[in-house]
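What follows is the residue order along each chain.
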Amino acid sequence: MKNVFLAVVAAYTLSSTAMVAAAGDVSAGKEKAAVCAACHAADGNSPAADFPKLAGQHAGYIAKQLADFKSGKRENAIMYPIAQELSEQDMLDLAAYFSSQEIAAGAVAEELVEAGRQLYRGGNAETGVPACMACHGPNGKGIPSANWPMLSSQYSKYIATQLQHFADGTRANDPNGMMRDIAQKMTEEEIKAVSAYVSGLH
C-alpha cells in the first residue's frame, strides 16, 4: 500500500511539473486578481462560504485548478468563462499572489470536533476510508510537491460540497480518482464532521 501511495505521489507530481515550472509574479498577480475579488476578496479570503478561500493555498494547486477550469476537466459555470481569458502566465501570477496571502483562521463546531478528528487522523478501517492527514498533513497544510491542497481554515461548507461532488462524480479532476474513491465511501455524517474539523485546524 505504501509503494502504491508513493507511486501516485510521484506520478501526480510529474504530471503537474509543466504548470509549476515557471514562476509566477506576485505583483502581477495582485493586479490581475481584481477580477477575482468579487467572489474571493482582494486578499483571497472569500467573504462567503460558497466560494473557497484562496489565501495561503499552494500556488501549484491554484494554477492546476485554473487550468482544469479552462480545459473543462473541472466543471464550474462561474469559473469556466473566467478561466478562458487566462493565459498560463496569468494563472501562475494569480497563484503566486494568492498563495502569498495569509488565510483567515476558520472555526469548528465543538460537537463535531471528536468525530472529525478521528476520521481525519485515523480514517475508518471498516469502510476503507483512509486517514485524511496522510495526504493533507497533520495540520491540514497539504503537500505542495504533490499539489494536494491545504485544507486548514477553509470553509467547512465548501469542503463538504467538494467531497459531495467527488462522491457523485460531479468533480472528477482528482489524480487517479483518489478523492472520488474516498468520498464515495464516506457517510454524510462523516463528510460533515471532517469538513468542520479541518476548518478549525490552524
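The residue numbering used here restarts from 1 in each chain and proceeds along that chain's sequence as written. The model is predicted, so local features are restricted to residues of pLDDT at least 70 and side-chain atom pairs to those at 80 or more, both for listing and for counting; the totals for chains, interfaces and linings are taken over all residues. Side-chain metrics rest on all non-hydrogen atoms present in the structure, leaving aside hydrogens and water.

S.K.: Would you mind showing me how to read the overall build of the protein here?
M.R.: Summing up its helical and strand segments, the protein has 12 helices and 0 strands in all. The numbering of helices and of strands both runs from the N terminus, where a helix is a DSSP run of H or I of at least 4 residues and a strand a run of E of at least 2. Listed N to C, the secondary structure of the protein is α-α-α-α-α-α-α-α-α-α-α-α in terms of helices and strands. Residue contacts are defined here by distance: any two heavy atoms, one from each residue, within 4.5 Å place the two residues in contact. For the protein, restricting intrachain contacts to residue pairs at least 6 apart in sequence, the fraction spanning at least 24 positions comes to 69%. Here the open area of atoms and residues is found with the Shrake-Rupley method and a 1.4 Å probe, where only the protein chains shown may cover a residue. With the model as given, the accessible surface of the protein reaches about 10100 Å², and the carbon-plus-sulfur share is 58%.

S.K.: It is not clear to me how the environment of A115 should be interpreted in this structure. Could you clarify?
M.R.: Within the secondary structure layout, A115 lies in helix α8 (residues 110-122). Sequence separation of A115 and A196 is 81 residues, and the distance between their C-alpha atoms is 9.8 Å.

S.K.: Would you mind showing me how to read helix α12 (residues 188-199) here?
M.R.: Given 3.6 residues per turn, any residue in an α-helix points the same way as the ones three and four places further on. Helices are assigned an expected span. That span is 1.5 Å times one less than the residue count. An ideal rise of 1.5 Å per residue puts 16 Å on 12 residues; α12 measures up with 17 Å between its terminal C-alpha atoms. If you follow the buried residues of α12, they end up packed against α8 and α10 (156-168).

S.K.: Just checking my understanding: could you explain helix α5 (residues 59-71) for this structure?
M.R.: When the terminal C-alpha atoms of α5 are compared, their 18 Å separation across 13 residues agrees well with the 18 Å that a helix rising 1.5 Å per residue should span. The complete set of buried residues in α5 reads G60, Y61, I62, A63, K64, Q65, L66, D68 and F69. One or two residues past the end of α5 sits G72, with phi positive at roughly 90°. Classification of residues uses two cut-offs on accessible area relative to the type maximum, computed with a 1.4 Å probe and protein chains only: under 20% is buried, over 50% is exposed, and between them is partly exposed.

S.K.: What is the right way to read the confidence of the model for the protein from this model?
M.R.: Parts of the prediction with low pLDDT should not have their coordinates interpreted in detail. Values of pLDDT, which run from 0 to 100, indicate the predictor's confidence residue by residue. Counting all residues, the mean pLDDT for the protein is 91, and 89% of those residues have values of 70 or more. Below pLDDT 50 for its whole length, residues 1-21 participates in 25 contacts with residues either more than four positions away or in separate chains.

S.K.: I would appreciate a short explanation of unusual backbone geometry in the present structure.
M.R.: Both trends apply: most residues other than glycine have a negative phi, and most peptide bonds are in trans. Positive phi, close to 70°, is recorded for S153, a residue that is not glycine. Tracing the backbone shows S153 in the loop between α9 (133-136) and α10. Phi is positive for N176, close to 55°, though the residue is something other than glycine. By secondary structure assignment, the location of N176 is in the loop between α10 and α11 (178-183).

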